[in-house]
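If you want the building blocks of each chain, they are given just below.
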Amino acid sequence: MEGHVSGQANKPMSKPAHALDRDTVRNELNADVKQGLSESEAQSRLQEYGNNELDDGPGVQPLKILLRQVANAMMLVLIMAMVVSLAIMSWIEGGVIAGVIVLNIVVGFFQEFRAEKTMDSLRSLSSPTANVVRDGQTINVPTAELVPGDLVELKLGDTVPADLRLIESLNFETDEALLTGESLPVTKDEEAVFEEDTGPGDRLNVAYSSSTVNKGRARGVVFATGMHTEIGSIASALRKKDSRVRPVKRRPDGSTHPLRHVESWMLTFSDAVGRFLGVNIGTPLQKKLSRLAMLLFGIAVVCAIIVLAANGFSNNPEVIIYAVATGLSMIPASLIVVLTITMAVGTKRMVQRHVIVRKMDALEALGGVTDICSDKTGTLTQGKMVAKKCWIPSRGTYSVDVTNEPFNPEEGNLLFTERSAVDNSSDERDEKGGEGYDAETLLENNDQLRGFMLVASLANLAHVYKNKEDGTWQARGDPTEIALQVFASRFGYNRSKFLEGDTPKYKQVSEYPFDSDVKKMSVIFENVEDKSQMVYTKGAVERVIDTCDTAIWEGTEEVDLTDQMKSTILENMEALASLGLRVLALASRPYDAASGRRASRDGPPPREEIECNLVFRGLVGLYDPPRTESANAVKKCHRAGIKVHMLTGDHPGTARAIAAQVGILPDMSMISAKVADAMVMTAKQFDHYTDEQLDKLPVLPLVIARCAPATKVRMIEALRRRKAFMAMTGDGVNDSPSLKIADVGIAMGMAGSDVAKDASDIVLTDDNFASILNAIEEGRRMFDNIQKFILHLLAENIAQACTLLIGLAFKDSTGLSVFPLAPVEILWVIMITSGMPDMGLGMEIAAPDILERPPVSLRKGVFTFEVMLDMLAYGLWMSALCLSSFVLVVYGFGDGNLGSGCNDSYSEACDLVFRARATTFTCLTWFALFLAWQMVDMRRSFFAMTPGTTGARHLTQWFWDVWRNKFLFWAIFAGFITIFPVLYIPVINHDVFKHTGISWEWGIVFVEAFLFFLGAEAWKWGKRIYFRRRAAKDRITPEDLEARAFGEFHSDSEGELGVQSEK
């Protein structure tokens, strides 16, 4: 960067880019403005120039990660326990606790470091992308992979990915406020050349990195990337962090009370403590668990005080160690680490299922989604448009037979009938009764068809061409425009025929891009020879015919467009839409400069002066087939208790047909006409309601056609007032408000604008509706797994704490309490039988019925009534069995002598206590390990976790279930194996763990383990019966949930819902 001149390229050119003409820049950068760079050349330049990224600072910071391992309530308890142990010279306990602290920090550090690296890589995946021409194809690549010389295409809503020297543009404006502070959009001119010392704000032939496209379209060559861009030079200023010091509240005159300074210092200090303990940073769940850690910290202190009080606040080291052990028993030390790892693994799994998580909050929110508001084109459908039919009033209906190559204009037969679309729509096969024609025959003496094809070809930005190397037909551009361009090419009206070559026939002088409010797109072309100008318009049928005054209805002469004619046009539109076709109207007219200023690229006339007095040319029907997986995905959503709404800009007939095909609408033959009208509304009908009227509707519509961005926002607000939790899809700039306010905003990765992606929570890399279901399934899976390991951890804590607190009743000959579990034993259970198995539980696959139950309640979170009850049931059952094992060894098979000093060291008199303690420890360890397997499914039996298995496999299914999750299997296996060294190795058993090897006591362990398993299975059996009955009573079975998607529409067809259709 040293010596870099503003406006220069990564490798300096003869002059800055703005001071050179287009051809010179292209030559000096070795760029190809037609084919773009080859992939191999792009990779070579990427190696030479590096990634197109700003220096975003340190990235993953190991020191901060290390600090986070220490700065939490769990670790503070361990540190306090270590200090107390060392202070009373319990060196072994203190040393072991210190070892546990180091181990926890090291394991937590490396696991969180890996998780941060994973999230860092995911952030790069969800970064803005650019449309680049390489090897003659327009492809979508991450902006980081752009190199000098790349040919970039820009359209409305895009973020400029690098500094570009513009090659061609049309009505192109960018917002450069971030760079120059100029609040107004800047109109660009690619033909201009400026002096070298021209300031950044006046370089009108350059588009700057990070600016956004406000209007028009353009193509440009990248000349500067990364820190060599103009924005790179001020990147350090933009990266300044906000102050963490709370501001002092002041009066209007600027003065303040001295106590306000104290208040500011106190709030700043509390914020710092909150950040240190994690209670005010992270996702909502992470904050909740950090607060739980603080609560457990308080409970641990209370438990320790209870132990001291029960022993008369004696300063005997044995009493203090007992208090330390009880405090440690309440600390699930691995909780935060396991949560971090689980969420990182979840985000990685989502990438494999075509979902990129941009905001971690979305992970927790996905499991609670009750309604999905989805777009149609490219999401529920394939996004591969084919022009199937066109209707020209004075001629008839032209059709294209079945084709398997949507880009090939030479594939498929052209069919023609003089009947209108209305007469020809009863059965699509009727058209085959017409004859097959070649294009020349159809165009002969047919000015109406020629005029129609000119509009289809020129009011169009798509490129359809034949690859010279392999002879295949290729296309780039919007799917709708590609379909129209292919259709025009069938008749020899490809856009390139009129605009390219040595003597082009037309020159484009103005463009009015498609706008979601006006729902039209228009262009003005000038005849190169006679300088006459023509307006060509396409768009939504209702909007276009409103701007038409005339039409060629019968014969060859223009006539005034009457209301009767408009009705006929709308009838033909309905006929085409009923076939599931997206219908557009085409129109044109000569543009007479006398009626306004002459159209030019520098001063295009106002849009309202152009889109008026048009001549109606005809209708075209485009077919976008539903994705094969959409219908199944919608059905699964219904079974999961999720309603699917389709919000599309298409005509109601098209929207209704596609919605019925994918299952968003039920069999309409079973629904009354009034209710059918209620199911499908136009945006105009929906927006006609006030908020109060919407809230009084029994149900909201399943399909909204002709949907505008403002309608999406109102739909979200209406759903939210009904306590729904919604996901909203979007791809355009105007979708960003709805994506921002939705509970889960979902942007399209392929077709979506950068503005939409920036406003979203997750991005679909394949733009597929089924991927939304994948995301919800992953969200529910993670929610389930978090519940599982939290339940496992806290049930163990309850078991340990109850065992120790009730164990206060076991007094030795000196009157001091003898602990049933030693401090090191407790740490062993926390670290070995909790940490690793809980990581395994976090990696569990989704339960078989995860998409056959209602959405989770985010208000309750993971701590549902069921989880709280399970926690107590399992914890108390384990505690009862642990205490019974201690009692059996000491009092059942022993003489009941608890000796003296048995909390401190081994002696012959303490052998019985050490054996009882070893038995209790072994039981608790096995219970914790078995509980981890029981937690794989919180309701199903351990022996039947996979439903539907029959025959011999049914008897062995449990083995395959435990073997499936190999991480969990080996973590539990290690827990079983490692108990033998700590029981039988001398010194370790007596001096460290305060127990001794056992023999006949294994019989007690096996019986207790069997009883634990029996109790757990009985508890789950009781839960299954209860929830099965409640599901039947509350009608929340999968079949009920699926039926509920349409049930409200079936009920009272004529009564409750009739009011909707009247509107």
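Residues numbered from 1 in each chain as written. Predicted model: local features only at pLDDT ≥ 70, side-chain atom pairs only at ≥ 80, totals over all residues. Heavy atoms only, no water.

**Here we look at the overall build of the protein chain**
The secondary structure content of the protein chain amounts to 38 helices and 28 strands. Burial analysis of the protein chain (1063 residues in total) assigns 55% to the buried set. Here the protein chain displays about 44600 Å² of accessible surface, and carbon together with sulfur accounts for 57% of that area. (Helix = DSSP H or I, 4+ residues; strand = E, 2+ residues; numbered from the N terminus. Buried < 20%, exposed > 50% of the residue type's maximum accessible area, 1.4 Å probe, protein only. Areas by Shrake-Rupley, 256 points an atom, 1.4 Å probe, with all protein chains shown as cover.)

**Overview of the packing of aromatic side chains**
Evaluated as defined, the whole model comprises 33 aromatic pairs. Considering the side-chain rings of Trp-926 and Trp-1002, the 5.8 Å spacing of their centres and the 45° angle between planes classify their relative orientation as tilted. A residue pair is termed long-range when its members are at least 10 positions apart, and Trp-926 in helix α31 (residues 911–934) and Trp-1002 in helix α36 (residues 1001–1034) qualify at 76 residues. Exposure class is identical for Trp-926 and Trp-1002. Each is buried. Over the aromatic face of Phe-914 sits the side chain of Arg-917, whose NZ or CZ is 5.2 Å from the ring centroid. (Phe/Tyr/Trp six-rings, centres within 6.5 Å; stacked < 30°, edge-to-face > 60°. Lys NZ or Arg CZ within 6 Å of the ring centre and 35° of its normal.)

**Examining the UniProt feature "transmembrane region" (unreviewed entry) in the protein chain**
Per the UniProt annotation, the sites labelled "transmembrane region" (unreviewed entry) are residues 70–89, 95–113, 292–313, 319–345, 872–894, 914–933, 967–988 and 1000–1019. With 86% helix and 0% strand, the stretch residues 292–313 has end C-alpha atoms that lie 28 Å from each other. Its end C-alpha atoms 31 Å apart, residues 872–894 is made of 91% helix and 0% strand. (UniProt positions renumbered as here; feature names shortened; annotations may be inferred.)

**Examining helix α25 (residues 709–721)**
In this model, α25 (13 residues) spans 19 Å end to end at C-alpha, consistent with the 18 Å of a helix rising 1.5 Å per residue. All buried positions along α25 are accounted for by Pro-709, Thr-711, Lys-712, Val-713, Arg-714, Met-715, Ile-716, Ala-718 and Leu-719. (Expected span 1.5 Å × (residues − 1).)

**Some points on a nonpolar patch on the surface**
A contiguous nonpolar patch, built from Trp-877, Val-1007, Phe-1010, Leu-1011 and Leu-1014 and spanning about 460 Å² of accessible area, is present on the exposed surface. In terms of residue count, α36 provides more of the nonpolar patch than any other element does, four residues in total. Residue position: Leu-1014 is located in helix α36. Taking the relative accessible area as the measure of exposure, Leu-1014 reaches 47% and is therefore partly exposed. (Patch = residues over 30% accessible without salt bridge, like charges linked within 9 Å, V, L, I, M, F, W, Y side chains within 5 Å. Salt bridge = Lys/Arg side-chain N within 4 Å of Asp/Glu carboxyl O.)

**As for the pattern of salt bridges**
By the definition in use, this model includes 38 salt bridges. Between Arg-134 and Asp-150 there is a salt bridge, and its shortest N-O distance comes to 2.7 Å. Of this pair, Arg-134 sits in strand β1 (residues 129–134) while Asp-150 sits in the loop between β2 (137–142) and β3 (151–154), and the two are 16 residues apart along the sequence. Of the two residues, Arg-134 and Asp-150, both sit in the buried class. Between Lys-520 and Glu-611 there is a salt bridge whose closest N-O contact spans 4.0 Å. In this pair, Lys-520 sits in strand β17 (residues 520–527) while Glu-611 sits in the loop between α19 (607–610) and β22 (614–623), placing the two residues 91 residues apart along the sequence. Residue Lys-520 shares its accessibility class with Glu-611, and that shared class is buried.

**A closer look at unusual backbone geometry**
The backbone of His-354 sits at a positive phi, close to 70°, despite the residue not being glycine. Along the chain, His-354 turns up in the loop between α11 (335–352) and β8 (355–357). Phi is positive for Lys-531, close to 65°, though the residue is something other than glycine. Residue class for Lys-531 comes out partly exposed when judged on its relative accessible area of 45%.

**Let's talk about the packing of helix α28 (residues 769–806) against α31**
Two elements in contact, α28 and α31, have axes separated by 10 Å at closest approach and are oriented at 160°. Classified by the angle between their axes, α28 and α31 sit roughly antiparallel to one another. In terms of crossing hand, the pair formed by α28 and α31 is right-handed. Across from His-792, Ala-795, Glu-796, Ala-799 and Gln-800 in α28, the residues of α31 making contact are Leu-924, Ala-928, Leu-931 and Ala-932. Grouping the amino acids of the contact of α28 with α31 by side-chain chemistry returns six nonpolar, two polar and one charged. (Axes fitted to C-alpha atoms, helices over the stretch in contact; angles between N-to-C directions. Parallel < 35°, antiparallel > 145°, perpendicular 65-115°, else oblique. Left-handed = near helix turned anticlockwise from the far one by under 90°. Contact = heavy atoms within 4.5 Å. Nonpolar A, V, L, I, M, F, W, Y, C, P; charged D, E, K, R; others polar.)

**Concerning the nonpolar core**
In this structure, Ile-664, Val-703, Ile-762, Phe-769, Phe-789 and Trp-933 are the most contacted members of the largest nonpolar core, which totals 145 residues. Tallying contributions element by element places α28 first for this core, with 19 residues. If we skip the residues at most four places from it in the chain, Val-703 touches Met-646, Ala-655, Ala-659, Ile-664, Leu-665, Met-679, Val-680 and Met-681. Tyr-398, Ala-439, Ala-459 and Val-620 belong to the second largest nonpolar core, which has 35 residues in total. (Core = buried A, V, L, I, M, F, W, Y, C linked by side-chain atoms within 4.5 Å.)

**A word on the state of the cysteines**
Where two cysteines share a covalent bond between their sulfur atoms, that bond is called a disulfide. For the structure shown, the criterion picks out one disulfide. For Cys-902, the disulfide goes to Cys-910, at an S-S distance of 2.0 Å. Looking down the S-S bond of the Cys-902 and Cys-910 bridge, the torsion is -90°, so its handedness is left-handed. Residue Cys-910 is classed as buried on the basis of its relative accessible area, which comes to 0%. (Disulfide = S-S within 2.5 Å.)

**Topic: the sheet that holds strand β26 (residues 726–730)**
One open sheet holds the eight strands; their spatial order is β8-β28-β27-β26-β9-β23-β25-β24, and the pairing between them is mixed. What marks the edges here is a single partner per strand, and that holds for β8 and β24 (680–682). Each neighbouring strand pair of the sheet contributes to a mean axis angle of 20°, computed without reference to strand direction. As defined by bridge partners, strand β9 (residues 371–374) adjoins strand β23 (residues 643–647) across four bridges and the pair is classed as parallel. (Pairing = 2+ DSSP bridges.)

**Quick notes on the pairing of β17**
Burial runs high along β17: eight of the eight residues are buried. Burial along β17 is two-sided: Lys-520, Ser-522, Ile-524 and Glu-526 and Met-521, Val-523, Phe-525 and Asn-527, pointing in opposite directions, are all buried. For strand β16 (residues 506–512) and β17, the ladder comprises six bridges, and the chain directions are antiparallel. Bridge assignment links Ser-510 to a residue of β17, and that residue is Ile-524. By the bridge criterion, seven bridges tie β17 to strand β18 (residues 533–540) in an arrangement that is antiparallel. Bridge pairing links Val-523 to Tyr-536 in β18.

**Side note on the environment of Ala-873**
Its location among the elements puts Ala-873 in helix α30 (residues 865–892). It is 8.9 Å that separates the C-alpha atoms of Ala-873 and Ala-1016, two residues lying 143 residues apart in sequence.

**Quick notes on the environment of Ala-459**
Here Ala-459 lies in the loop between α14 (447–458) and β14 (463–466). Separated by 64 residues in sequence, Ala-459 and Val-523 have C-alpha atoms that sit 5.8 Å apart. Once residues within four sequence positions are removed from consideration, Ala-459 is found in contact with Leu-454, Glu-481, Met-521, Val-523, Tyr-536, Thr-537 and Lys-538.

**Considerations on the side chain of Glu-153**
Mapped onto the elements of the fold, Glu-153 is located in strand β3. Beyond its immediate chain neighbours, meaning those up to four positions away, Glu-153 contacts Asn-131, Val-133, Thr-138, Asp-158, Ala-218, Arg-219 and Arg-476.

**Description of the environment of Glu-1017**
With respect to the element layout, Glu-1017 can be found in helix α36. You can call Glu-1017 buried: its relative accessible area is 14%. With 76 residues separating them in the primary sequence, Glu-1017 and Ser-941 have C-alpha atoms 6.2 Å apart. Ignoring anything within four residues of it in the chain, the contact list for Glu-1017 reads Gln-934, Ser-941, Phe-942 and Phe-943. Here Gln-934 takes part through its side chain, which lies 3.0 Å from a polar atom of the side chain of Glu-1017. (Polar contact = N/O pair within 3.5 Å; in protein donor to acceptor, adjacent residues only side chain to side chain.)

**Comments concerning helix α21 (residues 652–662)**
Most of α21 sits inside the fold, with eight of its eleven residues counted as buried. Buried within α21 we find Pro-652, Gly-653, Thr-654, Ala-655, Ala-657, Ile-658, Ala-659 and Val-662.

**Considering the packing of α14 against helix α15 (residues 479–490)**
Running from N to C, α14 and α15 point in directions that differ by 140°, and their axes come no closer than 8 Å. Relative to α15, the element α14 is oriented oblique. Pair α14 / α15 crosses with left-handed handedness. Two secondary-structure elements touch here, α14 through Phe-452, Met-453, Ala-456 and Ser-457 and α15 through Leu-484, Gln-485, Phe-487 and Ala-488. Its residues assigned to classes, the contact of α14 with α15 comprises six nonpolar, two polar and no charged.

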